[in-house]
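Here are the chains, one letter per residue:
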Amino acid sequence: MTLARKYLNAILRSRKLLIQTLLLCFALMIFTPFLMIVLRSVGRGWFGRLWLPPELTLDWYRWAVEVTNIVEITKNTLVIALLAVLMSTVIAIPTGWALGRRNIPGRELLMSILLLPRMIPPIAFALGVAQIFYRTDLINTHIGVALAHVSICAPFAILILSATFEALDERLLEASGVCGANPIRTFIHVVFPLILPGVLASMIFTFTTSYNEFTLTLMTYGKDTVTLPVRTYLAIGEGYWEVTSAMSILLIIPSIIVLFMIQRQVAPEKLVGGFKGV
Amino acid sequence: MPDYMIELRDVTKRYGDLVANDNVTLQIRRGELMTLLGPSGCGKTTALRCITGHNIPDEGRVFIDGEDVTDVPTYKRELGMVFQSFALFPHMTVFGNVEFPLMIRRMNKAERREWVMDALRMIRMEEYEDHYPRQISGGQQQRVGLARALVYRPKVLLLDEPLSNLDAKLREEMRFEIRDLIDRLGITAVYVTHDQAEALALSDRVAVRNAGHIEQVGMPDEIYDLPQTRFVADFIGLSEFLAGTLSAVHTEERTATVAVDGLEIHVPATPEMAPGRKVLFFIRPNDIELLPASQESGINVFVGVVEKKTYLGDRSDYRVRVSEGLELRVQTDGKVRFEEGENVKVHLPIPHCRVIVE
Ligand SMILES: Nc1ncnc2c1ncn2[C@@H]1O[C@H](COP(=O)(O)OP(=O)(O)O)[C@@H](O)[C@H]1O
Ligand SMILES: [Mg+2]
């Protein structure tokens, strides 16, 4: 009691301590749920009011892999995510180019229309998508689920790429031409390296969005197209929280690998440079 | 061999309703440095882009080295160009930037390295080969731009306001560096600028531009001493013109007299002069002599009163009233001293008196 009061007084006197406390609370807010999942996924007999699991085990992971057929599900998830990336990128490159490099009338309006799917409550939007898919036999196909994901992935890819293309300095392309490079070689040696970070960013963004997408998948999946987020959700319904936790952890791994790859491969200062002057 | 390295023949380029170049003809001789001088927006860059091929003229033809290149794409024109914005490739090192034109020309690696290092030595940047453009200063970036433009030994070097993004001191240094390089390489160069001092200091010839057309082409001293239009005179720093009428032409003396506000001023005669024509008379303030009132009268010597004096250190600036409606600006070196209100005589030496027949 007196300790708590002392601490409170100290906070009132020192701003630094206040900030540190807030930061700590914030970190706890983010990490505690995560920590709970990790503990749950490796704990046995962790019930009631126990602070820590009494016994550690990797059984739940074995269960997750064997019982829920996780290899197949991961394959589904990856195939769908890669299809979504491919389609979004193919759509977003020309669209982003047009929006970023040409003076298109009503450009702002177009941009906001692109974001419309995100304004509608996801479940309502997913419902609409599902109804179309039932009529067009796209339910329970990889391409169908991926297409549903594209409806939210592509707008973001377009936004990222139009900003990337807009930032591409026309004068560099002209300089390349004067140096003797034809349009194709200008693309290879100048345009491509300069837009690469933006294209990668857009691909990574669409990948993670699709990989983690739940609502749209839930409304369009079938027995052959179960994805990790949906399977995790189903596992909750089956009552195995430990297995669900293990699956959640497995779900995170690819995201971490992607993040790690970005850090290693894409040294930012190698890809983007600045000018002095104009 | 053709006489001209670059020739624009009746080139017109429009942007919508705006005529950025209106029937422009310009001939640039082999090995000379020609400057396009003019205020911002007068179409200098547009003219240069017609030479590079970034703009296709709506009318007229463009020739490089005697060959009609109007329909030849930029990358086949074998030009070197330096940009106002430097336009170095940000993802390549200094070495990579300078190597780029050679790489595009598929020169072998060893030879490339030799040529690049030669070019970098030429601009004293060989220690910076591994730096990225953003790691070096603006002046250094522009020198790299110069090396990139020159490394493959093009026939023609084009420079579009290459110094206007640099600070004043560096600008003056680099002016001479560029001139020196061009002299050493004997290359034909077209230099675009809005800075008249830069143009006069650098060029073999200057083309003064005004809103879509060329007003006058000539050597720097011709432009400076014998501007042929009011615009040119104005642009190269003459601000005061006196409107007058030609009263007589003296064929023998090769002079003419101009009546300006009651004064009869003698000027050198030119063929198009005829009595009665309206003219603009001007003389540079530092070409006027200020003499004590005791001085004898003579041709172009007028009585006046010092109205205002401004001391400028090495010079003094006077306003001298010579008649009811006429005040002349006179600049003298520091040694000549007159006071405000003092009676003086002003002498307008005939060779310095200029007239533009309207
Ligand atoms: N791509 C373009 N589209 C429309 N107008 C242009 C374009 N480029 C230049 N202009 C206009 O043409 C005129 C001449 O431009 P420019 O050649 O860049 O002049 P300068 O280089 O002498 O400053 C200016 O009024 C400019 O606004
Ligand atoms: Mg310009």
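Rules behind the numbers
Residues numbered from 1 in each chain as written. Chains lettered and ligands numbered in written order. Predicted model: local features only at pLDDT ≥ 70, side-chain atom pairs only at ≥ 80, totals over all residues. Heavy atoms only, no water. Core = buried A, V, L, I, M, F, W, Y, C linked by side-chain atoms within 4.5 Å. Buried < 20%, exposed > 50% of the residue type's maximum accessible area, 1.4 Å probe, protein only. Contact = heavy atoms within 4.5 Å. Near = heavy atom within 4 Å. Polar contact = N/O pair within 3.5 Å; in protein donor to acceptor, adjacent residues only side chain to side chain. Areas by Shrake-Rupley, 256 points an atom, 1.4 Å probe, with all protein chains shown as cover. Domains from an automatic or database assignment. Buried area = accessible area lost by both parts, 1.4 Å probe. Salt bridge = Lys/Arg side-chain N within 4 Å of Asp/Glu carboxyl O. Helix = DSSP H or I, 4+ residues; strand = E, 2+ residues; numbered from the N terminus. Nonpolar A, V, L, I, M, F, W, Y, C, P; charged D, E, K, R; others polar. Pairing = 2+ DSSP bridges. Axes fitted to C-alpha atoms, helices over the stretch in contact; angles between N-to-C directions.

Undergrad: Can you lay out the nonpolar core for me, pointing to particular residues and giving the numbers?
TA: Nonpolar side chains in soluble globular proteins tend to end up buried together. All names here are of chain B. Ranked by size, the top nonpolar core spans 85 residues in total, and within it Leu157, Leu158 and Leu159 carry the most contacts. The contact partners of Leu159, leaving out residues within four places of it in the chain, are Leu48, Val82, Leu146, Ile178, Ile182, Ala189, Val190, Tyr191 and Val192. Residues Val279, Leu290, Val344 and Cys353 belong to the second largest nonpolar core, which totals 29 residues.

Undergrad: An account of the site of ligand 1 is needed here, citing residue identities and associated values.
TA: Residue and element names in this part refer to chain B. The immediate surroundings of ligand 1 are formed by Tyr15, Leu18, Ala20, Pro39, Ser40, Gly41, Cys42, Gly43, Lys44, Thr45 and Thr46. Between ligand 1 and Cys42 there is a distance of 3.2 Å, counted from an oxygen atom to a backbone nitrogen or oxygen. For ligand 1, an oxygen atom lies 3.0 Å from a polar atom in the backbone of Gly43. Burial of ligand 1 by the surrounding chains reaches 57%, relative to a free accessible area of 560 Å².

Undergrad: I'd like a rundown of the domain arrangement of chain B, residues and numbers included.
TA: Residues and elements named next belong to chain B. Splitting chain B by domain gives domain 1 (4–235) and domain 2 (240–357). Inter-centroid distance (C-alpha atoms) of domain 1 to domain 2 is 40 Å. For the pair domain 1 and domain 2, the two sides together bury roughly 680 Å², of which 61% comes from carbon and sulfur. When the area that domain 1 buries against domain 2 is broken down by residue, the three leading residues are Tyr224, Asp225 and Arg230, summing to 59%. In this assembly, domain 1 and domain 2 are joined by zero salt bridges. Between the two partners, domain 1 and domain 2, sit two residue pairs in polar contact (both at pLDDT 80 or more). Elements represented by at least two residues in the side of domain 1 that touches domain 2 include exactly helix H7 (220–225) and helix H8 (230–235). By residue number, the principal contributor to the side of domain 1 that touches domain 2 is H8, which donates three residues. Residue composition of the side of domain 1 that touches domain 2, grouped by class: four nonpolar, two polar and three charged.

Undergrad: Please give an account of the sheet that holds strand S13 (residues 263–268) of chain B that cites residues and values.
TA: Residue and element names in this part refer to chain B. Taken in spatial order, the five strands line up as S13-S12-S11-S14-S20 in an open sheet, and their pairing is antiparallel. At either end of the open sheet lies a strand with only one pairing partner, and these are S13 and strand S20 (354–357). Going from strand to strand, the sheet's axes swing by 45° on average, the running direction of each strand aside. Sheet topology places strand S11 (residues 242–250) next to strand S14 (residues 278–282); four bridges connect them, and they run antiparallel. Within S14, the residue paired with Ala243 across the bridge is Leu280.

Undergrad: Please give an account of the sheet that holds strand S17 (residues 315–323) of chain B that cites residues and values.
TA: All names here are of chain B. The antiparallel open sheet is built from five strands, whose spatial order is S15-S19-S16-S17-S18. Two strands bound the open sheet, and with one partner strand each, they are strand S15 (289–292) and strand S18 (326–333). Direction aside, the axes of adjacent strands within the sheet are offset by 45° on average. Across four bridges, S15 lies against strand S19 (residues 343–347) in antiparallel orientation. Considered in S19, the bridge of Leu290 is made with Val346.

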